[in-house]
Amino acid sequence: MTLGSIGPRLRARWRRLQPQDSLARDRWWLSVQLSVTLTVGFGAVALFTYANALAAARRQVVESTLPLTLDALSADLQQDFVQPILFASAMAANTLLIDWVEQGEQPEAAVQRYLSRVQAQHGATTVFFVSEASRRYYHPTGILKTVSPGSAQDAWFFRLRASASPYEVNLDRDTADPSRTTVFVNYKLLGDGGRFLGAVGLGRSTSQLTRRIQQAERTNGIQVMFLDGRGRILFSPRRGQAPPQLQRAIAQQRLRDSLREQPRGAFQFRQGGELIYVRTKRIPELNWTLVVSQPLRVPSGPLCRSAVVVAVPDQPDGAAHPDPGAAAGVPAHRPPSPQARPAGPHRSPHRPLEPAPAG
């Protein structure tokens, strides 16, 4: 069989499929045109429905899910980590603590009682004071250690001493419990003339915030992370698992500058053919940036409901309605006919009353 003979064979077979009668042929063509019209119509409706569902999903992500989650997590941060800044500021302004340091840090039990009371009052995970004169690390349980410039774990103390800022917030391991990740608020304790006397502050565990973030991620299908001032991932329940495209976007100098300078930001990127929306919020008290990302997914529910509505339109008034009981196997209720309706307990509807026989 050659290629040139395929065309005539198909045309001949097509002519044999068409009815020979003129009326039957017209009906056949009408059914073909009607089928094509319905197919194109249903396809257009499906595309229109998909476009509407995609737009609705985008509006939900951009206008609802991301902004609300961003504000809720920001409020949690205000409660968990910004309030401790105020508590640490009050500790640094305590004149009794300043006098205790300037008088030679004696007795040691006095500062332990003070730190223990602050910890109980504010519900802190840990409270501490590190002296510049003795380099002792005071804790409610006693003196834990002596800080040293050569220790990487103690770098925060010497960084704070050299800083122009009165305080800093950092994420680190708790000295009293190295297995616990804690957000520390380190505040300068200054004497007369602004002389540096040490560092005082408190810490809050990240476990409660982690649980809230994980719940938000499971509920809304989002990913949450916190960035430091240099754009590095500082804290995330899934640390180190950020999308590569997001890491590359954050690595851009222009975007890092925008995250530091603008209170809120928004951008988007594609990953594996999926569009990811990102919203950011600057938290200046912590020098952190809260980042929330969510992929754009079209929910299947609206599409299924629209398909059902298109496939089974509402019946017009006056159309026959099926009996719901018949579908369930229950016989339909119909009023009895006059012939079948009883007229009384012991008589036929067509017989006259007869006197009862005498007893």
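Described below are features of the structure shown in this document. (Residues numbered from 1 in each chain as written. Predicted model: local features only at pLDDT ≥ 70, side-chain atom pairs only at ≥ 80, totals over all residues. Heavy atoms only, no water.)

The subject of this paragraph is the environment of Phe 235. For Phe 235, the position within the fold is in strand 8 (residues 233-235). When the C-alpha positions of Phe 235 and Met 225 are compared, they lie 5.9 Å apart, and in sequence the two are 10 residues distant. (Helix = DSSP H or I, 4+ residues; strand = E, 2+ residues; numbered from the N terminus.)

Using the criterion set out here, one finds 9 salt bridges in the structure. Across the pair Glu 108 and Arg 136 runs a salt bridge whose closest N-O atoms are separated by 2.8 Å. Placement of Glu 108 in helix 4 (residues 108-122) and of Arg 136 in strand 2 (residues 136-139) is noted, with a sequence separation of 28 residues between them. The closest approach of N and O atoms between Glu 132 and Arg 135, which form a salt bridge, is 3.8 Å. Each member of the salt-bridge network shares a partner with another, and the members are Asp 71, Arg 264 and Lys 281. (Salt bridge = Lys/Arg side-chain N within 4 Å of Asp/Glu carboxyl O.)

Moving on: the layout of surface pockets. Here the largest pocket defines a volume of roughly 450 Å³. Forming the walls of the largest pocket are 19 residues, and the residues nearest its centre are Glu 168, Val 169, Asn 170, Leu 286 and Asn 287. Here the lining of the largest pocket is composed, by residue class, of 8 nonpolar, 5 polar and 6 charged. (1 Å grid on protein atoms, 1.4 Å probe; cavity = no way out; pocket = protein on both sides within 12 Å on 5 of 7 lines; lining within 4 Å. Points joined across faces, edges and corners; volume = space filled by probe spheres on them. Nonpolar A, V, L, I, M, F, W, Y, C, P; charged D, E, K, R; others polar.)

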